[in-house]
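Coordinates in review
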Amino acid sequence: MSETDPRVCVSSIIATARAHRAAVDRQVRMGLPIHRAQHMMLMMIAREKEAVTQKDISLKLDISEAAVTACLRRLEKEGYIIRTTDASDGRSRRICLTDSGREIVEKTEGLFHEMDDRMFVGVSETEKKMLCDLLSRLRENLSSVTGDGAQAEISPDDTERKE
């Protein structure tokens with residue numbers, strides 16, 4: 001297979017994403033007292049404009065509600081989130097970050113920025129723009145094939161963080 005074979009390109013994209021995730025996870029583990037799933041939940045909750053429900057988290061992160069419940073229980077015990085009963089639906093609970101949870105998110109964002117900067121050492125602004133344009137086009141192509149809005153996978157918050 002040549003370097004331009006789509007399978008080689010896709011494998012390279014996946015390997016790069018995995019390497020980035022592993023590097024960030026390693027930094028998070030070294031610098032913060034939480035594990036990966038807890039970190040993902042804190043980041044998701046922080047991005048939302050309002051308090052979220054367990055179901056919101058389950059749907060956004062594509063994990064079971066039982067797993068969400070267990071992780072939230074640990075986050076609450078550690079003082080990173082609070083759960084309150086929804087005034088309009090007494091069965092539903094709303095989740096929001098505490099000051100400690102926001103502190104973890106801020107530290108994590110710093111780690112992300114540092115890792116992103118390190119990843120792009122030696123890459124020019126023109127090359128970064130070209131890469132972003134190409135990846136955007138690939139997402140659009142996937143979206144047209146799947147019809148499920150794959151293009152919407154990157155939120156403005158994600159784009160802001162990666163730039």
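Look a little higher up for the structure.
Residues numbered from 1 in each chain as written. Predicted model: local features only at pLDDT ≥ 70, side-chain atom pairs only at ≥ 80, totals over all residues. Heavy atoms only, no water.

**Here we look at the side chain of Thr 53**
Note the threshold: Helical segments are the DSSP runs of H or I of at least four residues, strand segments are the runs of E of at least two, and each set is numbered from the N terminus. Accessible area is worked out with a 1.4 Å probe on protein chains only. A residue is then buried under 20% of its type maximum, exposed over 50%, and partly exposed in between. Between two residues, a contact is recorded if the distance between any of their heavy atoms is within 4.5 Å.
Counting through the fold element by element, Thr 53 comes out in strand β1 (residues 52-53). You can call Thr 53 buried: its relative accessible area is 11%. Not counting residues up to four positions away in its chain, the partners in contact with Thr 53 are Ser 92, Arg 93, Arg 94 and Ile 95.

**Notes on the sheet that holds strand β3 (residues 93-97)**
What holds strands together in a sheet is hydrogen bonding between their backbones, with the strands either parallel or antiparallel. Worth spelling out the cut-off: Any two strands are treated as partners once DSSP identifies two or more bridges connecting them. Structural elements are reduced to axes, namely lines fitted to C-alpha atoms, with helices fitted over the stretch in contact, and the angle between N-to-C directions of any two is expressed from 0 to 180 degrees.
Taking strand neighbours across the sheet as the criterion, the three strands line up as β1-β3-β2 in an open arrangement whose pairing is antiparallel. The sheet is open, and its two borders are formed by β1 and β2 (81-85), each paired with just one other strand. Where β1 lies against β3, two bridges are found, and the strand directions are antiparallel. Directly across from Val 52, in β3, lies its bridge partner Ile 95. Docked against the sheet, helix α4 (residues 65-77) engages β2 and β3, running at close to 115° with respect to β2.

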